[in-house]
Amino acid sequence: MTFAHRLRPRLVEERASVSPLELFFDLVFVFALTRVTDLMAEDPTGVNLLRGALVMAVLWWSWVGYAWLCNLVRADEGIVRVVMFGAMGAMFVTALTIPEAFDDLAGGLDGPVIFALGYFVVRLLHLVMFWVVSREDPQLRGQVLRFAPSMLTGTVFLLVASQLTGTAQTVMWILALAGDYLGTLVGGTDWRLRSVSHFAERHGLIIIVALGESIVSIGIGVASLPISWAIIVASLLGLAVSGLLWWSYFDVTSLAVEHAFEEASGARQIKIARNCYSFIHLPMVIGIVMLSLGLKKILSYVGDGNHHRLVDPLYGWPLVALFGGAALYLLALVAFKAYATRSVTVPRVVTAVVLIALLPVVWHIPALATLGVLTAVLLAMIGYEMVRYDQPRDEIRHGHP
């Protein structure tokens, strides 16, 4: 076997599973999520929450490109393996600079510039790899050419943003993301999918990664504090919230969408992949990260008796992030299922509205009670769905007629 043959990309099989290298790649994404949460938690203002969401959108688009690439060619074979490790390195450097993505710290390199360049390298490696694997596929090659301008536009705006401050900088970030996302939306549907199950599994795993980060936030919030009953109760409630969000995605919704995904073909299948997974999973992940911020703050409230009392309420932007993050996640789940199956899960819309409506109420109650209210609302939603949709749930999960 020649060296050139060893470097040749290998196509993904139709019923492929996610490879260990893809999971390894996601570890960098986990670290990036923790950095985003830290960025917002250090100074939880509306501006910083917006910045956190913008950083998440950039990181997400970096990750999404490799989800598409590794659905076409195996991540752990040939030159693709080398490219994956290169992209991991660039993304890790990008994650390291998240605290400086907007404001450069004194000393060292220019943080905003390094962030933009790291993003550029991640995207460039992805684009080059797609160019290589499309050499015998004129249709895919044309799609790659239509996609390239959006990548270049996004990077240019981020580089411009690195030289600005304040509102002008934020506008440049928004334009960078608009160039990427809108460019992809209008760029056509000539992409390739070789394995629906792999693509759905890949995005399901990244939801688990994000939920895992929310659990990490619970632990980090009290890592240096002595254990107490309040910490135990708050930790279990936080874990319950993460578990209920997991349930709302994996119990039925992800299966129903995957079934519709498998039954679709041609442009419709590509649109489901793009809209349901590449686009709509972003607000899910942002919602989880916002929720993580709220959980982290609550745990610090109930565990740190030197600065807070158990009767102190969680208020302001951390509270908005907690309840608003959960509501955003639920509404994204509704959109996820609605686009693929053309059915709206009304109880989740109602629950999201209830969570937002409860904000003025929980603003004035103890932080631990606030977490209890969130848990109770989500538990009531799941319980209602289990009873109300028992038969269709059984059909989706077990294939019963």
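Worth saying up front: this structure is predicted, and the values here are computed from it rather than measured. (Residues numbered from 1 in each chain as written. Predicted model: local features only at pLDDT ≥ 70, side-chain atom pairs only at ≥ 80, totals over all residues. Heavy atoms only, no water.)

Peer 1: Looking at this structure, how should I read empty space enclosed by the protein?
Peer 2: Taken as a whole, this structure holds one cavity of 30 Å³ or more when the rule is applied. Considered as a void within the structure, the largest cavity measures approximately 140 Å³ in volume. Along the walls of the largest cavity sit 14 residues, with Val-64, Trp-68, Phe-147, Thr-184 and Trp-191 positioned nearest its centre. Secondary structure elements with two or more residues in the lining of the largest cavity: α3 (46–72), α5 (111–133) and α11 (266–279). Looking at which element gives the most residues to the lining of the largest cavity, the answer is α3, with four residues. Class assignment for the residues of the lining of the largest cavity results in seven nonpolar, five polar and two charged. Counting the residues that make up the lining of the largest cavity, at least three belong to each of domain 1 (1–193) and domain 2 (195–400). (1 Å grid on protein atoms, 1.4 Å probe; cavity = no way out; pocket = protein on both sides within 12 Å on 5 of 7 lines; lining within 4 Å. Points joined across faces, edges and corners; volume = space filled by probe spheres on them. Helix = DSSP H or I, 4+ residues; strand = E, 2+ residues; numbered from the N terminus. Nonpolar A, V, L, I, M, F, W, Y, C, P; charged D, E, K, R; others polar. Domains from an automatic or database assignment.)

Peer 1: How should I be thinking about the domain arrangement of the protein chain in this particular structure?
Peer 2: Buried accessible area, meaning the area lost when the parts come together, often serves as the stated size of an interface. Once the domains are mapped, the protein chain shows domain 1 (1–193) and domain 2 (195–400). In this structure, domain 1 and domain 2 have C-alpha centres spaced 25 Å apart. Listed by partner, the interface residues are 43 residues for domain 1 and 39 residues for domain 2. Summing both sides of the interface, domain 1 and domain 2 together bury roughly 3,600 Å²; the carbon and sulfur share of this comes to 72%. On the domain 1 side of the contact with domain 2, Trp-60, Thr-189 and Leu-193 bury the most area, a combined 17% of that side's loss. The tally of links between domain 1 and domain 2 comes to four salt bridges. Where domain 1 meets domain 2, there are 14 residue pairs in polar contact (both at pLDDT 80 or more). Among the elements of the structure, α2 (20–42), α3 and α7 (166–186) are those that each provide at least two residues to the side of domain 1 that touches domain 2. (Contact = heavy atoms within 4.5 Å. Buried area = accessible area lost by both parts, 1.4 Å probe. Salt bridge = Lys/Arg side-chain N within 4 Å of Asp/Glu carboxyl O. Polar contact = N/O pair within 3.5 Å; in protein donor to acceptor, adjacent residues only side chain to side chain.)

Peer 1: Would you take a moment to explain unusual backbone geometry for this structure?
Peer 2: Where the residue is not glycine, phi is negative for most of them; where a peptide bond is considered, it is trans in most cases. Positive phi, close to 60°, is recorded for Arg-342, a residue that is not glycine. Positionally, Arg-342 belongs in the loop between α13 (317–341) and α14 (346–357).

Peer 1: I tried to follow the nonpolar core on my own but got confused; where do I start?
Peer 2: Phe-29, Val-55, Trp-60 and Trp-173 are the most contacted members of the largest nonpolar core, which has 130 residues in total. Among the elements that make up this core, the one with the highest residue count is α3 (18 residues). Shared between two domains, this core holds at least three residues of each, these being domain 1 (1–193) and domain 2 (195–400). If near-sequence neighbours (up to four positions away) are discounted, Trp-173 is found in contact with Leu-54, Val-55, Val-58, Ala-101, Phe-102, Phe-115, Leu-158 and Ala-161. (Core = buried A, V, L, I, M, F, W, Y, C linked by side-chain atoms within 4.5 Å. Buried < 20%, exposed > 50% of the residue type's maximum accessible area, 1.4 Å probe, protein only.)

Peer 1: Would you explain the layout of surface pockets in this entry?
Peer 2: Over the atoms rolls a probe the size of a water molecule, and in doing so it shows where empty space is left. The space that makes up the largest pocket amounts to roughly 290 Å³. Looking at the largest pocket, it is lined by 17 residues, and the ones nearest its centre are Val-252, Lys-337, Thr-345, Glu-385 and Tyr-389. Class assignment for the residues of the lining of the largest pocket results in eight nonpolar, four polar and five charged.

Peer 1: Hey, could you run me through the packing of helix α9 (residues 229–250) against helix α12 (residues 281–303) in this one?
Peer 2: Each packed pair of helices is defined by two parameters, the angle between the axes and the distance between the axes. Running from N to C, α9 and α12 point in directions that differ by 170°, and their axes come no closer than 9 Å. As far as their axial angle goes, α12 and α9 are roughly antiparallel. Contacts from Ala-230, Ile-231, Ala-234, Ser-235, Gly-238, Val-241, Ser-242, Leu-245 and Tyr-249 in α9 reach His-281, Met-284, Leu-291, Leu-295, Leu-299, Val-302 and Gly-303 in α12. For the contact of α9 with α12, the per-class residue count stands at eleven nonpolar, five polar and no charged. (Axes fitted to C-alpha atoms, helices over the stretch in contact; angles between N-to-C directions. Parallel < 35°, antiparallel > 145°, perpendicular 65-115°, else oblique.)

Peer 1: Would you take a moment to explain the pattern of salt bridges for this structure?
Peer 2: Once the charged atoms of two side chains with opposite charge are near each other, the side chains can pair. Evaluation of the coordinates by the stated rule reveals 14 salt bridges. Across the pair Lys-296 and Asp-38 runs a salt bridge whose closest N-O atoms are separated by 2.7 Å. Taken together, the residues span a long stretch of sequence, with Lys-296 in helix α12 and Asp-38 in helix α2 at a distance of 258 residues. A salt bridge links Asp-251 to Arg-393; its shortest N-O distance comes to 2.7 Å. Of this pair, Asp-251 sits in the loop between α9 and α10 (253–263) while Arg-393 sits in helix α17 (residues 390–398), and the two are 142 residues apart along the sequence. A single burial state applies to Asp-251 and to Arg-393, both of which are buried.

Peer 1: It is not clear to me how the confidence of the model for the protein chain should be interpreted in this structure. Could you clarify?
Peer 2: Residues of the protein chain with pLDDT of at least 70 account for 97%, and the chain-wide mean is 91. Of all secondary-structure elements in the protein chain, the lowest mean pLDDT belongs to helix α1 (residues 3–7), at 62, while α14 reaches the highest, 98. (pLDDT = per-residue confidence, 0-100.)

Peer 1: How do you make sense of the environment of Ile-272 when you look at a structure like this?
Peer 2: Following the sequence through the fold, Ile-272 ends up in helix α11. Linking Ile-272 and Tyr-181, residues 91 residues apart in sequence, is a C-alpha distance of 15 Å. Once residues lying within four places of it in the same chain are set aside, the contact partners of Ile-272 are Ala-260, Phe-261, Ala-264, Tyr-277, Tyr-339 and Ala-340.

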